[in-house]
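Analysis of the macromolecular model
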Amino acid sequence: MEKVEQSIKEFISETIRTIPDFPKKGIMFKDITTLLNDRRALVLTSYMLSQPYIDYKVDHIVGLESRGFLFGTNLAQDLNAGFIPIRKPGKLPHDVLKQNYELEYGTDSVEVHVDAFKKGDRIIIHDDLIATGGTAAAATELVERLGGVVVGYSFVMELRALKGKEKLKKDVPFETIVEI
Ligand code: AMP
């Protein structure tokens with residue numbers, strides 16, 4: 001089974017393309033539109049994201065704007081959970097809680113609806129890619145400030161050199177399909 005999973009991971013990895021210097025010089029942008037465009041990669045990615053968490057009794061998937069929405073709702077359906085978007089400021093229409101986080105230069109922030117889940121709800125944080133981990137760490141803060149319990153992290157890709165995982169909760173499972 002491990003061999004099969006490894007070859008699935010390699011296949012998925014090969015469908016992701018790298019665009020140098022996008023959106024600015026020096027960034028190697030990981031473009032998943034080519035993965036999404038491949039019907040086999042699409043179904044295998046959904047499968048690989050849900051498998052580790054099948055028995056987790058998850059209440060909600062929190063998806064990070066915007067590419068965390070692409071597989072996030074699907075992951076929620078596969079785990080019999082609801083989906084909650086975390087968005088950039090000013091995008092969510094109801095009352096929100098906001099969390100600031102540090103960027104290389106400056107700060108950014110993310111928001112969630114204050115009534116998106118109940119205290120004690122079990123939540124998985126999902127995005128297409130983890131780089132510095134700032135966004136996922138801010139999402140963790142938002143979930144915990146509203147009384148939610150982060151029971152897992154889920155990414156399609158991890159840029160390991162940026163050590164984003166170190167910003168996340170150590171005692172919570174961390175799952176990624178492709179490590180670069
Ligand atoms: P971070 O907060 O540094 O972990 O950044 C994560 C967010 O930025 C995710 O929503 C990613 O989609 C996006 N991102 C960061 N670096 C890249 C990259 N090299 N290629 C594609 N997306 C990226």
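Note: the structure precedes this text.
Values in this document were obtained by computation on a predicted structure and should not be read as measured data. (Residues numbered from 1 in each chain as written. Predicted model: local features only at pLDDT ≥ 70, side-chain atom pairs only at ≥ 80, totals over all residues. Heavy atoms only, no water.)

Digging into unusual backbone geometry
Counted only if it meets this: Strands here are runs of E lasting at least two residues and helices are runs of H or I lasting at least four, both read from the DSSP assignment and numbered beginning at the N terminus.
Note that the residue after Phe-22, namely Pro-23, is joined by a cis bond; omega there is -5 degrees. Within the secondary structure layout, Pro-23 lies in the loop between strand 1 (17-20) and strand 2 (28-31). Cis geometry marks the peptide bond from Glu-65 to Ser-66, where omega comes out at -10 degrees. Structurally, Ser-66 can be placed in the loop between strand 3 (60-64) and helix 4 (68-78). Despite not being glycine, Lys-163 has its phi angle at roughly 55 degrees, a positive value.

Let's talk about the site of the ligand
Applied cut-off: Any residue with a heavy atom lying within 4 Å of a molecule or strand is counted as near it. Side-chain atoms alone can form a polar contact between residues adjacent in sequence; in general such a contact is a pair of N or O atoms within 3.5 Å, and within protein one must be able to donate a hydrogen while the other accepts it. Per-residue accessibility takes into account occlusion by the displayed protein chains alone, with areas from the Shrake-Rupley method and a 1.4 Å probe.
The full set close to the ligand counts 14 residues, and Arg-67, Asp-127, Asp-128, Thr-132 and Thr-135 are the nearest of them. One nitrogen or oxygen atom from the side chain of Asp-128 is found 2.8 Å from an oxygen atom belonging to the ligand. Thr-132 has a polar side-chain atom sitting 2.5 Å from an oxygen atom of the ligand. When the ligand sits alone it has 490 Å² of accessible area, and the protein chains cover 81% of it. Mapped by element, the contributors of at least two residues to the shell around the ligand are strand 2, strand 7 (122-130) and helix 5 (134-145).

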